[in-house]
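What follows is the residue order along each chain.
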Amino acid sequence: MPLTLRGVSHRYSPVMPWVVRGIDMEIADGELVALMGPSGSGKTTLLSILGLLTHPAEGAVLLDGEPVRKRTAAERRTTEFAWVFQTANALLRRTALENASLQLLARGAARQTAHAVAADELERVGVGHLAQRPARLLSGGELQRVCIARALAAAPRWILADEPTGQLDHATTLEVSAALITGRPIGTGVIIATHDQEVAHRCGRVIRLVDGAVVVGGGA
Amino acid sequence: MTWRLAALIEEGLANLRASAFRSMLLLVVCAAAFGGLAYLELRQGTELTDFVRDYREGGAYVAIASVPGGGLSGGRCESLNGEPGIVGAGAWRGTGQATFPTAPGVLFQSADVTPGILRVWDTRQALGIGTGLVIGPAMAEELGLRTGLIATFVSSEPVRVSGVGDFVRRNPQAARWALSPVSPAGEFDECWVEFEPGAYEAGRETLAARFAESSADPAVRPYRRSDEFTRDPASEWASRPQKWGWIAVSGGLFGFGLVAAWFRRAEAGLYLAMGTRRAQLALMGAAESWPVVAAAWCLGFSYAVAAQSLRFTDPTLEILRHAAVTSGSAALLALALFPWGGALVARGSIATLLKDR
């Protein structure tokens, strides 16, 4: 399987409790996966382990069957993953277009190319007219769409979204999740941590976490 | 697949432009720090230079050789001129008192001097050495005399005044003296010798020996006596606290940079989440901070020089060089340290950085 967790457990320090425990999981290319569970169940930690932001205390993350080492994690993050965060992390003093170009630039694209692709993605998610506006002047929904455009523009293997609609109203939630799920490039998988049943229903597979352990949907 | 170098530099510059307030604040803080350091150097350097000049003009390196009752060889004294470490040497002997018909009853001291003594007593001007009379400023004022006029003594021939000396720093009592330049042959009361600063101590100690052959029991005394309260400009300059201030200044600025980077840790987390390496983050930081630090040094240094020149005196090239080296060292160290602020703050969990807003 392209993205595999094998016996993954994690805690943030030896004196703290395990946040995720003994997780075995396989995710295929292009798969739509919803991670669900109550607050504190370990969704964000699991997502950051899947996206190579956090190296698990125990177990291994495998990409195409090869374990990912700490040394190579940065390069794999650039090439395989793109992120959409709950708090719409962005460079707030830079324009929407510059934010949307960021992941492409990190992949080695020329600035002009990155801007052209990012401008198209901003149009597709409905904020093309805000391209030159500083990110700090955008509403929450607009900023989240910019972040989605940033992820889509890079056409990664997987987009990891951590409660991307958590701070949005219902109508914006539907628009943002549609932009993320139906607007994704062909072959790009989406792994989305969410509390929203409606968003989860759009995904092909739902993984439920309770107290850091997978109770439903861990296998492929 | 990773950032292109040009894109990293552009990204840093774009971040610099995007936050004008932050960049200006950094510019002002750095300029104040570099300028302050440069100003301290300029101020102390110029103050010590002025002090050294005053100290020297005040006769700090002048020694006086004399023999009780007179009888010092004028030829021997004059022969010291031109020797290594000696600025000038000359002798004088008192010839009594003189009066002038234009100021009856007022007594002036008259003296014979060898030509070299005029260089020791008046360092600011080259007094003509000829047959004419050289008089002190007080005497010139009281009698209404100036260079070129004829002075008429009550009991001797009129003499042309060849110069009015300014002896206030080296021999203030000569302000009311009438000095007649004479041949150094014969015996004189005192021999005044000015040494180069570095040759003073050794020269003073051996001065008595130079007259031992021709004069009995020559004594040598310093013109200005030094004691434990006498300033030592060389050691003051060597132990100036701001000499190592460049380390403290750049360290302080780096601390400021760390605080600024701390408030931007979510941005650093975002870059790292996209696969940017910490070294690339440092390079981006360099592109963002170097123009500001360089501009701040130029601004701060120029301001320090202008402030010193306007408020006090123009610094010498040597002092300027010291100020530039000290403040420039601070700027160079800041250039080296600043880029690592973001990378240092971004150590640890990327997920945690992303949560910090």
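Since we're looking at a predicted model, the values are computed, not measured.

**So, the overall build of chain B**
In terms of regular secondary structure, chain B is built from 13 helices and eleven strands. In terms of overall dimensions, chain B is more spread out than a globule: its C-alpha atoms have a radius of gyration of 33 Å, far above the 21 Å expected for 357 residues. Judged by the C-alpha coordinates and their principal axes, chain B covers about 105 × 45 × 35 Å. Pairs at least 24 residues apart make up 81% of the contacts formed inside chain B by residues separated by at least 6 positions. Carbon and sulfur atoms form 61% of the exposed surface of chain B, whose accessible area is close to 16900 Å². Between the averaged position of the 32 positive side-chain charges in chain B and that of its 33 negative side-chain charges there is a distance of 13 Å.

**Thoughts on the sheet that holds strand 8 (residues 177-181) of chain B**
All names here are of chain B. Strand order in the open sheet made by the nine strands is 6-7-5-8-4-3-10-1-11, with mixed pairing throughout. With partners counted over all chains shown, the strands left at the sheet margins are strand 6 (150-151) and strand 11 (219-222), one partner each. When strand 3 (residues 86-100) meets strand 4 (residues 103-113), the two strands line up antiparallel, connected through six bridges. Note on strand 4: the bridge partner recorded for Arg93 is Asp112.

**Focus on the environment of Phe312 of chain B**
The residue Phe312 of chain B is located in the loop between helix 10 (278-311) and helix 11 (317-337) in this model. As a C-alpha pair, Phe312 of chain B and Thr46 of chain B span 266 residues in sequence and 8.6 Å in three-dimensional space.

**Notes on the sheet that holds strand 10 (residues 213-216) of chain A**
All names here are of chain A. Sheet architecture is open: six strands sit in the order 6-7-8-3-9-10, paired in mixed fashion. Of all strands in the sheet, those bounded by a partner on one side alone are strand 6 (81-84) and strand 10. On average, each strand axis in the sheet is tilted by 25° relative to the strand beside it, whichever way the strands run. Where strand 9 (residues 205-210) and strand 10 come together, three bridges link them in antiparallel fashion.

**Some points on the pattern of salt bridges**
All names here are of chain A. All chains considered together, the criterion is met by 28 salt bridges over all chains. Where Arg145 meets Glu175, a salt bridge forms, and the shortest distance between an N and an O atom there is 2.1 Å. Pair noted here: Arg145 is in helix 5 (residues 140-153) and Glu175 is in helix 6 (residues 170-181), with a separation of 30 residues, a long-range link. Judged by relative accessible area, Glu175 falls into the partly exposed class, the value being 44%. A single network of salt bridges, built from pairs that share partners, joins Asp29, Asp64, Arg76, Glu80 and Arg157.

**What to know about the side chain of Ser23 of chain B**
Take Ser23 of chain B: it is sitting in helix 2 (residues 20-57). Residue classification places Ser23 of chain B among the buried positions, given a relative accessible area of 14%.

**Re the state of the cysteines**
Following the criterion strictly, the structure yields one disulfide over all chains and no others. In this model, Cys77 of chain B is linked to Cys191 of chain B through a disulfide, with the two sulfur atoms separated by 1.9 Å. One disulfide, between Cys77 of chain B and Cys191 of chain B, carries an S-S torsion of 80° and so falls in the right-handed class. Of this pair, Cys77 of chain B sits in helix 3 (residues 74-78) while Cys191 of chain B sits in strand 10 (residues 190-195); the two residues are 114 residues apart in sequence, bridging distant segments of the chain. Neither residue differs from the other here; Cys77 of chain B and Cys191 of chain B are each classed as buried. The thiol of Cys203 of chain A is not disulfide-bonded; the next cysteine sulfur, from Cys147 of chain A, is found 19 Å away. Look at Cys203 of chain A and you get buried, because its relative accessible area is 9%. In this structure Cys298 of chain B is not part of a disulfide, and its nearest cysteine sulfur, from Cys30 of chain B, lies 12 Å away. Residue Cys298 of chain B is classed as partly exposed on the basis of its relative accessible area of 43%.

**Section: unusual backbone geometry**
All names here are of chain A. Phi angles above zero are rare outside glycine, and Glu163 is one such case at about 45°. On the secondary structure map, Glu163 appears in the loop between strand 7 (158-162) and helix 6. We classify Glu163 as buried; its relative accessible area is 14%. Here the phi dihedral of Asp211 falls at roughly 50°; this positive angle occurs in a residue that is not glycine.

**Looking at the packing of aromatic side chains**
All names here are of chain B. What the rule picks out here adds up to 16 aromatic pairs over all chains. Summarising the aromatic geometry, the rings of Trp297 and Phe301 are spaced 5.1 Å apart at their centres and angled 10° between planes, so their arrangement reads as stacked. Highlighted residues: Trp297 and Phe301, both in helix 10, separated by four residues, approximately one helical turn. Overall, Trp297 belongs to the partly exposed group, its relative accessible area being 23%. Look at Phe301 and you get buried, because its relative accessible area is 15%. Ring pairing ties together the aromatic residues Trp92, Trp121, Phe167, Trp177, Trp192 and Tyr223, which thus form one cluster. Above the plane of the ring of Trp262 lies Arg265, whose end atom (NZ or CZ) is 3.9 Å from the centre.

**A closer look at the interface of chain A and chain B**
Each partner contributes to the interface: chain A provides 29 residues, whereas chain B provides 26 residues. Taking both partners together, chain A and chain B bury about 2500 Å²; carbon and sulfur atoms supply 56% of that area. Here Glu10 of chain B makes a salt bridge to Arg111 of chain A, at a shortest N to O gap of 2.5 Å. Scanning the region where chain A abuts chain B turns up twelve residue pairs in polar contact (both at pLDDT 80 or more). For the side of chain A that touches chain B, a count of residues per class yields twelve nonpolar, nine polar and eight charged.

**Brief notes about helix 9 (residues 265-273) of chain B**
Residues and elements named next belong to chain B. Of all nine residues in helix 9, nine are buried; the element is thus mostly enclosed. Residues of helix 9 that are buried: Arg265, Ala266, Glu267, Ala268, Gly269, Leu270, Tyr271, Leu272 and Ala273. Looking one or two residues past helix 9, Gly275 carries a phi angle of roughly 95°, positive in sign.

**Remarks on the environment of Glu41 of chain B**
All names here are of chain B. One can find Glu41 in helix 2. In terms of polar contacts, Glu41 uses its side chain to reach the side chain of Arg240, at 2.6 Å. A polar contact of 2.6 Å, which involves the side chain of Glu41, links it to the side chain of Thr326.

**Observations concerning the packing of helix 3 (residues 96-106) of chain A against helix 4 (residues 111-124) of chain A**
Two quantities define a packed helix pair, namely the angle between the helix axes and the distance between the axes. Residues and elements named next belong to chain A. Look at helix 3 against helix 4: their axes get within 8 Å of each other, and the N-to-C directions meet at 120°. Considering their axes alone, helix 3 and helix 4 lie oblique with respect to each other. Helix 4 is crossed by helix 3, and the crossing has right-handed handedness. Residues Ala96, Leu97, Glu98, Ala100, Ser101, Leu104 and Leu105 of helix 3 form the contact with helix 4, whose participating residues are Arg111, Ala114, His115, Val117, Ala118, Ala119 and Leu122. Across the contact of helix 3 with helix 4, the residue classes break down as ten nonpolar, two polar and two charged.

What counts and how
Residues numbered from 1 in each chain as written. Chains lettered and ligands numbered in written order. Predicted model: local features only at pLDDT ≥ 70, side-chain atom pairs only at ≥ 80, totals over all residues. Heavy atoms only, no water. Helix = DSSP H or I, 4+ residues; strand = E, 2+ residues; numbered from the N terminus. Rg over C-alpha atoms; globule rule 2.2 N^0.38 Å. Contact = heavy atoms within 4.5 Å. Areas by Shrake-Rupley, 256 points an atom, 1.4 Å probe, with all protein chains shown as cover. Lys, Arg positive; Asp, Glu negative; His and termini not counted. Charge placed at Lys NZ, Arg CZ, Asp CG, Glu CD. Pairing = 2+ DSSP bridges. Axes fitted to C-alpha atoms, helices over the stretch in contact; angles between N-to-C directions. Salt bridge = Lys/Arg side-chain N within 4 Å of Asp/Glu carboxyl O. Buried < 20%, exposed > 50% of the residue type's maximum accessible area, 1.4 Å probe, protein only. Disulfide = S-S within 2.5 Å. Phe/Tyr/Trp six-rings, centres within 6.5 Å; stacked < 30°, edge-to-face > 60°. Lys NZ or Arg CZ within 6 Å of the ring centre and 35° of its normal. Buried area = accessible area lost by both parts, 1.4 Å probe. Polar contact = N/O pair within 3.5 Å; in protein donor to acceptor, adjacent residues only side chain to side chain. Nonpolar A, V, L, I, M, F, W, Y, C, P; charged D, E, K, R; others polar. Parallel < 35°, antiparallel > 145°, perpendicular 65-115°, else oblique. Left-handed = near helix turned anticlockwise from the far one by under 90°.

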